[in-house]
Amino acid sequence: MKVKGGDSVAAYKWPFDPVRSYMNNLNTHSAYQDLRDKRVALRRQGKEISGLALAETLVSYSEKGQEYVETLKSIITANDLDLDDKTYLREEPVTLIIGTDKREDIKQTQNTIDELRASGELDRIIGEMRLGLDE
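Attention in this report is confined to the structure presented alongside it. (Residues numbered from 1 in each chain as written. Predicted model: local features only at pLDDT ≥ 70, side-chain atom pairs only at ≥ 80, totals over all residues. Heavy atoms only, no water.)

So, about the overall build of the protein. A tally of regular secondary structure across the protein gives six helices and zero strands. In sequence order, the protein lays out its α and β elements as α-α-α-α-α-α. Taking as baseline every contact in the protein between residues at least 6 positions apart, the subset at least 24 positions apart corresponds to 39%. As presented, the protein carries roughly 10500 Å² of accessible surface, and 53% of it is formed by carbon and sulfur atoms. (Helix = DSSP H or I, 4+ residues; strand = E, 2+ residues; numbered from the N terminus. Contact = heavy atoms within 4.5 Å. Areas by Shrake-Rupley, 256 points an atom, 1.4 Å probe, with all protein chains shown as cover.)

Another aspect to go through is helix α5 (residues 106-119). Given a rise of 1.5 Å per residue, 14 residues ought to cover 20 Å, and the 20 Å separating the end C-alpha atoms of α5 matches this to within 8%. Just downstream of α5 lies Gly-120, where phi reads positive at about 90°. (Expected span 1.5 Å × (residues − 1).)

All right, on to the environment of Ser-74 then. One can find Ser-74 in helix α4 (residues 66-78). Of the residues examined, Ser-74 reaches a relative accessible area of 41% and is grouped as partly exposed. Of note is the side chain of Ser-74, whose polar atom sits 2.8 Å from the backbone oxygen of Thr-71. (Buried < 20%, exposed > 50% of the residue type's maximum accessible area, 1.4 Å probe, protein only. Polar contact = N/O pair within 3.5 Å; in protein donor to acceptor, adjacent residues only side chain to side chain.)

Right under this line is the structure:
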């Protein structure tokens with residue numbers, strides 16, 4: 001999507017897609033090789049991998065350079081985001097919740113779900129919602 005000034009902004013279909021995109025960027029783009037190298041070094045040394053430690057490597061992420069790193073570290077510290085350092089994505093069953101406002105619509109909603117399931121469309125939709133753990 002184009003925005004004022006000719007810059008572009010990515011638009012995503014599912015809420016986790018921008019997170020997946022960011023993770024992919026950090027894990028593949030050459031600008032973040034320092035981050036990946038530091039992560040490997042910390043693992044090899046048996047040290048904890050933390051957002052604060054990895055933030056040090058993101059000088060190239062922003063034109064602001066080290067100022068960006070310091071801002072990022074202060075955000076992590078001020079919001080206790082270091083608690084998330086031990087967070088991992090794991091395989092979980094997908095639960096799709098479909099609601100209806102009217103009791104009389106329940107049967108039609110169930111019929112629609114059955115049609116989506118029979119056509120394979122429901123599996124396709126759920127597959128798109130996966131968190132990228134199967135990739």
